[in-house]
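Working through the structure, step by step
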Amino acid sequence: MSGKPIGELEFLRKLQRLLAEGDFVATYKFALLNALADLSLERELAADGSLRVPVSAIAEKLIEYYWPQARPYRERDGTGFVLLQNAGQQAAIINAVAAVQSAHATLPAARAAKLRWHTLVTRVAGTVEAMPLWKLQTVGGERDEFLYTQAEFADDAIRLMPGVPAAFRALYGFVLDAVRGAWLRQITNIAANRPLLGNSDLASFLFGPGERASLERFRAVLRDHQGGRCLYCLKELRGTGCVDHFIAWSRYPVDLGHNLVLAHDTCNAKKRDFLAYAAHLERWQVSHLERASELAQRFDSLALPHDGSRSRAIAWWAYEQGEAAGAHAWIDADRFVRLDASWRGVLGEGGLRRVAEPPPPDYRSE
Ligand SMILES: [Zn+2]
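Summarised in this report is the structure supplied together with it. Numbering of residues starts from 1 in every chain and runs along the sequence as written. Thresholds applied to this predicted model are a pLDDT of at least 70 for local features of residues and 80 or more for the giving and counting of side-chain atom pairs; totals over whole chains, interfaces and linings are not thresholded and use all residues. Here the side-chain values reflect all heavy atoms present in the structure, with hydrogen atoms and water set aside.

A positive phi angle is found at Asp 155, which is not glycine, with a value near 50 degrees. In this structure, Asp 155 sits in the loop between strand E5 (142–143) and strand E6 (157–160). A positive phi is found at Asp 156, a non-glycine position, where the angle reads about 55 degrees. In this description a helix means any DSSP run of H or I spanning at least four residues, a strand means any run of E spanning at least two, and both kinds are numbered starting from the N terminus. Relative to the helices and strands, Asp 156 is located in the loop between E5 and E6.

Rendered as structure tokens:
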């Protein structure tokens, strides 16, 4: 192991080789890479640029990704067919997730059933450790530990080496496309899945926005919370308004309550996938983060997914990357401004501070 942190180009080369030549029997390795990328955005790095990641945190991510995928893809001979995620038998994690789904309709409800959730996470963590964790970095029979090393595994956590989390942060969109493209091809290549894959909606089934309709369920909460006004222009919302991802779905494809705002259809259409400029960011900060706890309680009462701290971390990452890339930030209509450092004054340094939220409801009656 050299002492020099890996550079972005070397990281991409190794990742590309891993995706092209890695011997993947199940889709776990793609899910693992997706998890490492997401956790690099959401967690605070150590001073040397490394990041400790507990296997349980990886397990929670895998449950999240496989949650929609464990549902039947299509009816076949009168029964729902769940896509195989493994060349042989169904992948164990899919079966474990499906079993929990039969008792809990939504992910927030499953999370709130603490005992069962803990059992699921422990089980998935066991599979992660036994299967993809130590196989991921073996390509063509040769091990190249460029992400983390087995030697540094301690207290059920891996350590992403210096430079790795930074590379995931800088190249996130690229990495996600590559990983999910390979994941999709793997599922398409499993013979038993082929009869089911008639048309081309597979990508949206696997990676969303599959449950997009559920965004509608946020609308009433947001309207009330924002006093019936558009978050961007602050004018009254006359029609139904549009549920907008403050950090665009295309940048970070997760529906979490605090990242959602209500806006005019026209404001939403003009903003597109751009970052909003600092004054909008401040409105979001004041409305959604400073009052995170209030929002969280409302989301919980409707079993809607949310995580204020995570939404804040994602915003911090998006603005940090946008500033580095010289991105244009949206003001209104067709007006933009180059993103400067002023967003830092809004979100603050040490961007991964937690926001105050109540603990999730505890359904002990389970
Ligand atoms: Zn507006």
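Bringing the packing of helix H4 (residues 92–101) against helix H6 (residues 114–130) into the picture now. When two helices pack together, you describe them by how their axes are tilted relative to each other and by the distance separating the axes. Structural elements are reduced to axes, namely lines fitted to C-alpha atoms, with helices fitted over the stretch in contact, and the angle between N-to-C directions of any two is expressed from 0 to 180 degrees. Between H4 and H6, whose axes approach to 10 Å, the crossing angle comes to 175 degrees. Taken together, the axes of H4 and H6 are roughly antiparallel relative to one another. On the side of H4, the interface is formed by Ile 93, Ala 96, Val 97 and Val 100, while H6 contributes Arg 116, Leu 120, Arg 123, Val 124 and Thr 127. Residue composition of the contact of H4 with H6, by class: 6 nonpolar, 1 polar and 2 charged. For classification purposes, angles smaller than 35 degrees are called roughly parallel, those larger than 145 roughly antiparallel, those between 65 and 115 roughly perpendicular, and all remaining angles oblique. We call two residues in contact when some of their heavy atoms are within 4.5 Å. Note on residue categories: nonpolar means Ala, Val, Leu, Ile, Met, Phe, Trp, Tyr, Cys or Pro, charged means Asp, Glu, Lys or Arg, and polar means any other residue, Gly included.

For two strands to be treated as a pair, DSSP must find at least two bridges joining them. Summarising the sheet, strand E10 (residues 328–332) and strand E11 (residues 335–338) pair through 4 bridges and their orientation is antiparallel. Across the sheet, residue His 328 finds its bridge partner in E11, namely Arg 338. Between the antiparallel neighbours E10 and E11 lie 2 residues, among them Ala 333 with a positive phi of about 40 degrees.

Here a donor is any nitrogen, oxygen or sulfur atom (N, O, S) within 2.8 Å of the metal, with 3.2 Å used for Na, K and Ca; water is not among the atoms considered, so some sites may look incomplete. Within the protein, the zinc ion binds to Cys 230 (SG), Cys 233 (SG), His 264 (ND1) and Cys 267 (SG); these donor distances fall in the range 2.1 to 2.3 Å. Each of the 4 donor atoms around the zinc ion contributes to a set of angles spanning 93 to 121 degrees, which defines the coordination as tetrahedral. Its relative accessible area of 1% is what places Cys 230 among the buried residues. The classification of residues rests on relative accessible area computed with a 1.4 Å probe and restricted to protein chains. Under 20% of the type maximum is buried, over 50% is exposed, and intermediate values are partly exposed. The class for His 264 is buried, based on a relative accessible area of 17%. For a four-donor site, all angles between 85 and 135 degrees give tetrahedral; for four or six donors, opposite pairs above 155 degrees with the remaining angles between 65 and 115 give square planar or octahedral; all remaining cases count as irregular.

Let us now look at the packing of helix H3 (residues 55–69) against H6. Closest axis-to-axis distance for the H3/H6 pair is 8 Å, and the angle between their directions is 105 degrees. Relative to H6, the element H3 lies roughly perpendicular. Judged by residue contacts, Val 55, Ser 56, Ile 58, Ala 59, Glu 60, Leu 62 and Ile 63 of H3 engage Trp 117, Leu 120, Val 121, Val 124, Ala 125, Val 128 and Glu 129 from H6. Partitioned by chemical class, the residues of the contact of H3 with H6 number 11 nonpolar, 1 polar and 2 charged.

Glancing now at the packing of aromatic side chains. Only Phe, Tyr and Trp rings are paired, with Trp represented by its six-membered ring, and only when their centres lie within 6.5 Å; those with planes under 30 degrees apart are stacked, over 60 edge-to-face, the remainder tilted. Using the criterion set out here, one finds 17 aromatic pairs in the structure. Here Tyr 232 and Trp 330 contribute two aromatic rings whose centre-to-centre distance is 5.4 Å and whose plane-to-plane angle is 85 degrees, an arrangement assigned as edge-to-face. Of this pair, Tyr 232 sits in the loop between helix H10 (216–225) and strand E7 (242–245) while Trp 330 sits in strand E10, and the two are 98 residues apart along the sequence. Judged by its relative accessible area of 2%, Tyr 232 is buried.

With that settled, the discussion passes to the pattern of salt bridges. Each salt bridge in this description consists of a side-chain nitrogen of Lys or Arg and a carboxyl oxygen of Asp or Glu lying within 4 Å of one another. A full pass over the atoms with the stated rule returns 19 salt bridges. Arg 159 is the partner of Glu 152 in a salt bridge, and the nearest nitrogen-oxygen pair spans 3.0 Å. A relative accessible area of 17% places Arg 159 in the buried class. Here Asp 224 ties to Arg 298 by a salt bridge, and the two come within 2.7 Å at their closest N and O atoms. Here Asp 224 is found in helix H10, whereas its partner Arg 298 is found in helix H13 (residues 292–301), with 74 residues between them in sequence. It is possible to trace a salt-bridge network through shared partners that takes in Glu 42, Glu 60, Lys 61, Glu 64, Arg 111 and Arg 310.

Taken together, the 2 bridges between strand E9 (residues 275–276) and E10 define a ladder with parallel strand orientation. Of the residues in E10, the one forming a bridge with Ala 276 is Trp 330.

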